[in-house]
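Observations on the model geometry
Residue strings, one per chain:
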Amino acid sequence: MSKTFYVTTPIYYVNSDPHIGSAYTTIVADVVARYKRMMGYDTFFLTGTDEHGQKILRAAKEKGLDPQNFVDDLATKFVKLWKELDISNDLFIRTTDDYHVKTVQSLFQKIYDNKDIYLGKYEGWYCVHDETFWTEKDIGPDKLCPVCHRPLEHVEEENYFFKLSKYTKPLLEYFKAHPDFVEPDFRRNEMIRILEGGLDDISVSRTSFNWGIPLPFDSKHVIYVWFDALINYISAIGYGRDDKMFNKYWPADVHFVGKEINRFHSLIWPAMLMSAGLPLPKKIFAHGWLTVNGEKISKSKGNAVDPRILVNAYGLDAVKYYLLRDISFGNDGDFSEDNLIVRINADLANDLGNLVHRTLSMVNQNFSELPSPKVESAVDEDLKTLLLKTIDDYFKYMEKFKFTESLTQIWDLIKFSNKYVDLTEPWLLAKDPSKHERLGTVLYNLVDVIRNVSIMLSPIMVKTAQNLSNKINQKIDVNLLGWHKTISGVKIEVGDPLFPRIDTTIWKKVIKMVETNEQVSDKKPEITIEDFAKLDLRVAKIKQAERVPKSDKLVKLLLDIAGEERQIVAGIGAVYTPESLIGREIIVIYNLKPAKLMGVDSNGMLLAAKDGGKLRILTVDGFVETGAKIS
Ligand code: MSP
């Protein structure tokens, strides 16, 4: 029996405009699907669109369109987008597809027959944007959605309810028995905390509108859009209509989702499956959220750019490399156009581009075809050892979705290979005919590295890998990863540089952030030296740093100020990881009145420079004792 792998993305609200943040889930899932295919798995990769519910209906009405026509048009746009981003999904599911509608109805019936659905009355709050029910205890007096902060609507309806509460205990037991069920671990712990608080039954039908799948036994009701949407993961692979396919791929190996929809996937979906007597997915991986240039992604800020704009400007492989290398998968991260350019120039044009260009040029200048290795030397052993370690680590990290680590290792190998060129000095070897065979060996070893790099990069940078393998005339075959598996005697083609450098002095960036009022009115009235003297500014050292729960921006810092311990809260979490802050010397306003930020005490404030979306903390130039005053 062949090994199978089933990987999914969430199905996107069909009326949403994907930006680099939302496309991130699918870009990562695609890398995993490609990696698993390369590893010989019979892989099924699913994505699609979520097309029912009040939000879509309202959007269609606003445009004066029939909802079915509205979603047909929008779904086509998604299919096109993923094609342009070279996403390799095996199926694109739409929740308005007939087969999905039938599966949802039959699963609903099954859960009803198992006595887990009952008729009741719902009175509470609803976020149409997130299609989420909220009870009084979840929300504040402002009646805003705890996730998207939009105003909630009051709902009073006759609804069917799902006995989610009944699954609190079985789920808790399942979480304990399967510690890898939800990742990263801090997301799993959040779910366990919710479970420990006990789950309430949830409403799973709506009666105030009819854009949805009718209940099989009560056509006044349509099925709640999340209940409908989650079932896509099994309708896509033939549940109830193609047992062979269903049994082949279910349970899914991994559902990739963003952190805000983890609850639906890690609690509600498993409870539905338990009720229907189906096995649970093997893993739910809830990744973090991206900001763009340090700001929350929003149309009004101008940073909700279509991923195609970035791809047209920088190239798909460069954007993917940057996303996977710079953003630690699982955590929140920032998509910074400046950092993307740095990665392109330093890692792609310089490290990889130079290695390839100079190696291949030297082969063609000195040989008519790729020579074979004949004269080894000690430094070759170092290259070999690093190459073999990189391959081992590559598998280890890719299996765990640790893309940053995996790419860092590959780049360490590339950097060392450039150093190997400097150490072996092939330009000098070329001048001495007696060293011709050594020159051939050095160049062969370098081509061997390039070949290995092309294989390891192939699930991530598809075109670049292909381009590399074409230049060196070798196959991309994961079974050929290893030292000296390059075929010699082949023609080498130098071709164009892989990644042209971006000249930042003339380059026009594509993300045009809209200035906020804060930046427009940045001139403040004059002050006297006495005014300034009121500020007590001191040097402090960060001893501990951790994120404030439920906040993307706030970080709680424990400071050492001349032996005194102080806690402050700083809004720098979108740009700095807590770990990167420990040990740094910063400047704080020591005599600032204490305040509470999201319920956490803050006794002072750190200074940071803010330039549009960029934010950098102020530090001292060289070592100064903590507590030192700033004047
Ligand atoms: N329709 C639901 C999912 C139903 S799955 C049974 C939905 N759709 S969505 O269009 O709002 O989101 C699609 C994906 O984009 C989600 O994984 C979501 O977390 C992700 N993101 C949207 N904005 C994001 C960022 N700024 N950063 C990272 N991912 C984000 O939810």
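Numbering of residues begins from 1 in every chain and follows the order in which that chain's sequence is written. Only residues with pLDDT of at least 70 get local features here, since the model is predicted, and only at 80 or more are side-chain atom pairs given and counted; chain-wide, interface and lining totals rely on the full set of residues. As a rule here, side-chain values cover all heavy atoms of the structure and leave hydrogens and water aside.

1. Side note on the overall build of the chain
Basically, it comes down to this: Put simply, DSSP H or I for four residues or longer makes a helix, DSSP E for two residues or longer makes a strand, and each gets a number counted from the N terminus. The globule rule used here is 2.2 Å times the number of residues to the 0.38 power, and the radius of gyration it is set against is calculated over C-alpha atoms. Note on exposure labels: buried denotes an accessible area under 20% of the residue type's maximum, exposed denotes more than 50%, and partly exposed covers the range between, all computed with a 1.4 Å probe on protein chains only. Should any heavy atoms of two residues lie within 4.5 Å, those residues are counted as being in contact. For accessible areas, the Shrake-Rupley method is used with a probe of radius 1.4 Å. Any residue's cover is judged against the shown protein chains and nothing else. Lys and Arg are tallied as positive, Asp and Glu as negative. Neither His nor the chain termini are counted. A charge is said to be at NZ when it belongs to Lys, at CZ for Arg, at CG for Asp and at CD for Glu.
What the chain contains, in helices and strands, is 21 helices and 25 strands. Its C-alpha atoms give the chain a radius of gyration of 28 Å, within 12% of the compact-globule value 25 Å for 631 residues. Taking the principal axes of its C-alpha atoms as reference, the chain extends roughly 90 × 80 × 50 Å. Residues counted as buried form 54% of the 631 residues belonging to the chain. Across the chain, every contact between residues at least 6 apart in sequence was considered, and the portion connecting residues at least 24 apart equals 75%. As presented, the chain carries roughly 28800 Å² of accessible surface, and 52% of it is formed by carbon and sulfur atoms. Between the centroid of the 82 positive side chains of the chain and the centroid of its 87 negative side chains there is a distance of 1 Å.

2. Overview of the site of the ligand
Rule in force here: Nearness is defined per residue: one heavy atom within 4 Å of the molecule or strand is enough. Polar contact is the term for a pair of N or O atoms within 3.5 Å; when the atoms are in protein, one must be able to donate a hydrogen and the other to accept it, and sequence-neighboring residues count only if both atoms are side-chain atoms. Residue polarity follows a fixed list, in which Ala, Val, Leu, Ile, Met, Phe, Trp, Tyr, Cys and Pro are nonpolar, Asp, Glu, Lys and Arg are charged, and the others, Gly among them, are polar.
Neighbouring residues of the ligand: 25 residues in total, closest I11, G21, D50, E260 and L290. In this structure, Y13 approaches the ligand through a main-chain N or O atom, which is 3.2 Å from an oxygen atom. Tallied by class, the residues present in the shell around the ligand amount to 13 nonpolar, 10 polar and two charged.

3. So, the sheet that holds strand β7 (residues 153-162)
Put simply, the rule is: In this analysis, strands are considered paired if DSSP registers two or more bridges between them.
Across the sheet, which stays open at both edges, the four strands sit in the order β6-β5-β7-β9 with antiparallel pairing between neighbours. The open sheet has two edge strands with one neighbour each: β6 (132-134) and β9 (202-203).

4. Observations regarding the side chain of Q54
Relative to the elements of secondary structure, Q54 occurs in helix α2 (residues 54-62). Ignoring any residue separated from it by four or fewer positions in sequence, one finds Q54 in contact with Y126, V128, E131, E153, R206 and F209.

5. Here's the deal with the domain arrangement of the chain
Quick reminder of the rule: What counts as a domain boundary in this text is fixed by an automatic or database domain assignment. Buried area: the sum, over both parts, of the accessible surface (1.4 Å probe) that disappears when the two are put together. One speaks of a salt bridge when a side-chain nitrogen belonging to Lys or Arg is within 4 Å of a carboxyl oxygen belonging to Asp or Glu.
If you check the domain split of the chain, you get domain 1 (4-288), domain 2 (334-480) and domain 3 (519-617). Between the C-alpha centres of domain 1 and domain 2 the distance comes to 43 Å. Across the boundary between the two partners, domain 1 contributes 14 residues, which contact 13 residues of domain 2. Approximately 1200 Å² of surface area, both sides summed, lies buried where domain 1 meets domain 2, with 78% of it carried by carbon and sulfur atoms. Looking at the side of domain 1 facing domain 2, the largest losses of area belong to V31, Y35 and M38, adding up to 46% of the total buried there. Where domain 1 meets domain 2, there are one salt bridge. For the pair domain 1 and domain 2, the interface holds two residue pairs in polar contact (both at pLDDT 80 or more). Mapped by element, the contributors of at least two residues to the side of domain 1 that touches domain 2 are α1 (20-38) and β12 (254-258). No other element matches α1, which puts eight residues into the side of domain 1 that touches domain 2. For the side of domain 1 that touches domain 2, the class distribution of residues is 10 nonpolar, no polar and four charged.

6. Thoughts on a nonpolar patch on the surface
Rule in force here: Patches here: salt-bridge-free residues with over 30% relative accessible area, like charges joined within 9 Å, nonpolar side chains (Val, Leu, Ile, Met, Phe, Trp, Tyr) joined within 5 Å.
Residues I527, I529, F532 and L535 make up a contiguous nonpolar surface patch of about 390 Å² in total accessible area. In this structure, I529 sits in helix α20 (residues 529-533).

7. Observations regarding the environment of K282
Relative to the assigned elements, K282 resides in the loop between α10 (262-276) and β13 (284-287). The class for K282 is partly exposed, based on a relative accessible area of 47%. In the structure, K282 is positioned 101 residues away from F181 in sequence and 6.1 Å away in space, judged by C-alpha atoms. Excluding anything up to four places from it in sequence, K282 contacts D180, F181, P251, A252 and D253. In terms of polar contacts, K282 uses its side chain to reach the side chain of D253, at 2.9 Å.

8. A look at the packing of aromatic side chains
Definition in use: Two rings from Phe, Tyr or Trp (for Trp, the six-membered ring) form a pair when their centres are within 6.5 Å of each other. A pair whose planes differ by under 30 degrees is stacked, one over 60 is edge-to-face, and the rest are tilted. When the NZ atom of lysine or the CZ atom of arginine is within 6 Å of a ring's centre and also within 35 degrees of its normal, the charge is said to sit over that ring.
According to the stated counting rule, one finds 38 aromatic pairs in the structure shown. When the ring of F5 is compared with that of Y41, the centres are 6.1 Å apart and the planes differ by 80 degrees; the resulting orientation is edge-to-face. Here the residue F5 occupies a position in strand β1 (residues 4-8), and Y41 occupies one in the loop between α1 and β3 (42-50), the gap between them amounting to 36 residues. With relative accessibility at 24%, the residue Y41 sits in the partly exposed group. Consider the rings of F162 and F227, whose centres lie 5.8 Å apart with planes at 70 degrees: the pair is edge-to-face. With F162 in strand β7 and F227 in helix α7 (residues 225-230), the pair connects residues that are 65 residues apart, well separated along the chain. For F227, a relative accessible area of 2% puts it in the buried group. An aromatic cluster of at least three residues, connected via ring pairs, comprises Y6, F44, Y233, Y239, F246, Y249, W250 and W269. Seen from the ring of Y13, K55 lies directly overhead, with NZ or CZ sitting 3.8 Å from the centre.

9. What to know about the pattern of salt bridges
Scanning all chains against the criterion turns up 39 salt bridges. Between D116 and K166 there is a salt bridge, and its shortest N-O distance comes to 2.6 Å. Placement of the pair is D116 in the loop between α4 (98-113) and β5 (117-127) and K166 in the loop between β7 and α5 (168-177), with a sequence separation of 50 residues. On the basis of relative accessible area, D116 is assigned to the buried category, the value being 0%. Under the relative-accessibility criterion, K166 is labelled partly exposed at 43%.

10. Some points on empty space enclosed by the protein
Defined as follows: In this analysis, the protein atoms alone were mapped onto a 1 Å grid. Cavities are point sets where a 1.4 Å probe fits without being able to get out; pockets are open sets with protein on both sides within 12 Å along at least five of seven lines; lining residues have an atom within 4 Å of a point. Grid points are joined across faces, edges and corners, and a volume is the space filled by probe spheres set on the points.
By the definition in use, this model includes one cavity of 30 Å³ or more. A volume near 40 Å³ is recorded for the largest cavity. Looking at the largest cavity, the residues that line it are G53, Y126, R206, F209, W211, G212, V222, I223, Y224 and V225.

11. As for the packing of α5 against α10
What counts here: A fitted line through C-alpha atoms represents every axis, and for helices the fit uses only the stretch in contact; the resulting angles, taken between N-to-C directions, go from 0 to 180 degrees. Should an angle fall under 35 degrees it is taken as roughly parallel, and over 145 as roughly antiparallel, whereas 65 to 115 is taken as roughly perpendicular and any remaining angle as oblique.
Interhelical geometry of α5 versus α10 gives an angle of 110 degrees and a closest axis separation of 10 Å. What the angle tells us is that α5 and α10 run roughly perpendicular. Where α5 approaches α10, its residues P170, L171, Y174 and F175 are matched on the opposing element by S266, L267, P270, A271 and M274. Of the residues belonging to the contact of α5 with α10, the class tally is eight nonpolar, one polar and no charged.

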